Amino acid sequence: MEIKNAVIIGAGTMGNGICHIFAQHGYTTTMVDIRKEALEKALSVISNNMDRQVKKGILTEDEKIAALARIKTSTELTKAVKQADIVIEAATEQIDIKKELFRQIDTHAPAHAILASNTSSISITTLGAVTQRPEKVIGMHFMNPVPVMKLVEVIRGYMTDNETTKAIMDLSIALNKVPVEVNDYPGFVSNRILMPMINEAIEALFQGVAGVEEIDQVMKLGMAHPMGPLQLADFIGLDVCLFILKVLYDGFGRDKYAPCPLLVNMVEAGELGAKSGRGFYDWSDHKNLKPSPRFSK
């Protein structure tokens, strides 16, 4: 099938990044959020990110202007999806919210439309089951920051058909991404491997094996990771990390996925990482990160 019109649900970090690349690559794109202020902020972020691309020679000024002109915004989901060829849900990582969104999208989107989710851990099969088109429901898990990162994890639900999968693989390539097809199991591949590593780094800190900077330095210098696991956890959001670990623990029932008590306490206390200003690091000065006073020597 030919995809021309894309609708992105959610104007947060992932939603605006997905909107950015669709518009950049020539697709008519509508970004939907319940809050008008969130949409206005997202458009500003996209424009600023495209300015950086212009400075780096990735886009010309004319290409930037044309891409921004392809973006529409809406606070009315049911109207926005009526002409969609693909709808990508990038809302908060809560299963009840996502299921309700998929019910609404399924009711109002054209019969041919593919319904995709940017979820990092929630079952695609479960989301497909609340629709009348489970064969057209698929995971399209972009990495953050979306305009920069190449990978798209393409997740086949139990009922996802070959035609839908091929369409999303081809679409990902058209967006200048590298799609990797995986099956629908807790955490898929990316977070099934990443989150236990992050959890183990938190456990090492919890047990006093080493400090925040030391743990991150070992992984950066010894394993060639561009960012240490504790800084990455802050960047992702400690609440998101905790949610995904709970999905893994519930899905597999294995102790190795049980969240570290330190992570649980930090989330309960509202220390969520970069978005709250404090996690393992103090994010008040992004250019000169220091461990949170709680973890300072």
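Conventions we followed
- Residues numbered from 1 in each chain as written.
- Predicted model: local features only at pLDDT ≥ 70, side-chain atom pairs only at ≥ 80, totals over all residues.
- Heavy atoms only, no water.
- UniProt positions renumbered as here; feature names shortened; annotations may be inferred.
- Helix = DSSP H or I, 4+ residues; strand = E, 2+ residues; numbered from the N terminus.
- Buried < 20%, exposed > 50% of the residue type's maximum accessible area, 1.4 Å probe, protein only.
- Contact = heavy atoms within 4.5 Å.
- Polar contact = N/O pair within 3.5 Å; in protein donor to acceptor, adjacent residues only side chain to side chain.
- Core = buried A, V, L, I, M, F, W, Y, C linked by side-chain atoms within 4.5 Å.
- Expected span 1.5 Å × (residues − 1).
- Pairing = 2+ DSSP bridges.
- Axes fitted to C-alpha atoms, helices over the stretch in contact; angles between N-to-C directions.
- Domains from an automatic or database assignment.
- Buried area = accessible area lost by both parts, 1.4 Å probe.
- Salt bridge = Lys/Arg side-chain N within 4 Å of Asp/Glu carboxyl O.

Looking at an unreviewed UniProt entry, the protein chain carries the name 3-hydroxybutyryl-CoA dehydrogenase, with the source organism given as Thermonema lapsum. According to the UniProt record, the Sequence similarities (unreviewed entry) comment for the protein chain reads "Belongs to the 3-hydroxyacyl-CoA dehydrogenase family."

1. Observations regarding the UniProt feature "binding site: NAD(+)" (unreviewed entry) in the protein chain
The feature "binding site: NAD(+)" (unreviewed entry), as given by UniProt, occupies Gly10, Ala11, Gly12, Thr13, Met14, Gly15, Asp33, Glu93, Lys98, Ser120, Asn144 and Lys275 in the numbering adopted here. The residue aspartate 33 is located in the loop between strand S2 (28-32) and helix H2 (36-55) in this model. In this structure aspartate 33 comes out as buried when scored by relative accessible area, which is 14%. Excluding residues that lie within four positions of it along the chain, aspartate 33 makes contacts with Gly10, Ala11, Ala38, Leu39, Ser74 and Thr75. A polar contact of 3.0 Å, which involves the side chain of aspartate 33, links it to the backbone nitrogen of alanine 11. Judged by relative accessible area, which is 15%, glutamate 93 ranks as buried.

2. Let's talk about the nonpolar core
Counting residues in hydrophobic clusters, the biggest one holds 36 residues, and the most contacted among them are Phe22, Ile86, Ile88, Met140, Phe142 and Leu171. When residues of this core are traced back to their parent elements, those giving at least two are strand S1 (5-9), helix H1 (13-24), H2, strand S4 (86-89), strand S5 (114-117), strand S6 (137-142), strand S7 (151-156) and helix H7 (162-174). Per-element accounting of this core gives the leading share, 6 residues, to H1. Apart from the residues lying within four places of it in its own chain, the contact partners of isoleucine 86 are Ile3, Asn5, Ala6, Val7, Phe22, Ile114, Ala116, Met140, Ile168 and Leu171.

3. Let's talk about H7
The end-to-end C-alpha distance of H7, which contains 13 residues, comes to 18 Å, matching closely the 18 Å that a straight helix rising 1.5 Å per residue would cover. Turning to H7, its buried residues number three or more, namely Thr164, Thr165, Ala167, Ile168, Met169, Leu171 and Ser172. The inward-facing, buried residues of H7 contact H1, S4, S5, S6, S7 and strand S8 (178-183). Looking at the residues trailing H7, positive phi occurs at asparagine 176, about 65°.

4. Notes on unusual backbone geometry
For the peptide bond that leads from asparagine 144 to proline 145, omega is 0°, which places it in the cis range. Mapped onto the elements of the fold, proline 145 is located in the loop between S6 and S7. Its identity as a non-glycine residue notwithstanding, asparagine 176 has a phi of 65°, on the positive side. Checked against the element boundaries, asparagine 176 lands in the loop between H7 and S8. In this structure, alanine 224 takes a positive phi of about 60° despite not being glycine. Within the secondary structure, alanine 224 sits in the loop between helix H9 (212-223) and helix H10 (229-236).

5. Describing the sheet that holds strand S3 (residues 71-74)
Spatial ordering of the open sheet is given by S3-S2-S1-S4-S5-S6-S7-S8, a layout of 8 strands whose pairing is mixed. Strand pairing shows two members of the sheet lacking a second neighbour, S3 and S8, which therefore form its edges. Each strand of the sheet is rotated relative to its neighbour by a mean of 25°, with strand direction disregarded. Each of S1, S2, S3, S4 and S6 is contacted by H1, which is oriented at about 170° to S2, the strand it contacts most.

6. Digging into the UniProt feature "site: Important for catalytic activity" (unreviewed entry) in the protein chain
UniProt's feature table lists "site: Important for catalytic activity" (unreviewed entry) at His141, given in the numbering used throughout. Summarising the element assignment, histidine 141 is placed in strand S6. Dropping the residues within four chain positions of it, histidine 141 is found in contact with Ser117, Asn118, Thr119, Ser120, Leu151, Val152, Glu153, Ile155, Ser190 and Asn191. At 2.9 Å, the side chain of histidine 141 and the side chain of glutamate 153 are in polar contact.

7. Focus on the domain arrangement of the protein chain
Where interface size is quoted, it is often the accessible area lost as the parts come together. The domain architecture assigned to the protein chain consists of domain 1 (5-183) and domain 2 (191-290). On a C-alpha basis, the centres of domain 1 and domain 2 stand 27 Å from each other. Of the residues lining the interface, 6 residues belong to domain 1; the matching set on domain 2 comes to 5 residues. Both sides of the domain 1 and domain 2 interface together cover about 490 Å² of buried area, and 61% of this is carbon and sulfur. For domain 1, the biggest contributors to the area lost against domain 2 are Glu93, Ser120 and Ser121; these three give 64% of the whole. Our count for the domain 1 to domain 2 interface comes out at 0 salt bridges.

8. Some words on the pattern of salt bridges
Tallying each qualifying case throughout the model produces 10 salt bridges. A salt bridge links lysine 98 to glutamate 93, with the shortest nitrogen-to-oxygen separation between them at 3.5 Å. Judged by its relative accessible area of 1%, lysine 98 falls in the buried class. In this structure, the salt-bridge partner of arginine 294 is glutamate 271, at a minimum N-O distance of 3.5 Å. Of this pair, arginine 294 sits in the segment after strand S10 (290-291) while glutamate 271 sits in the loop between helix H12 (261-268) and strand S9 (281-282), placing them 23 residues apart in sequence.

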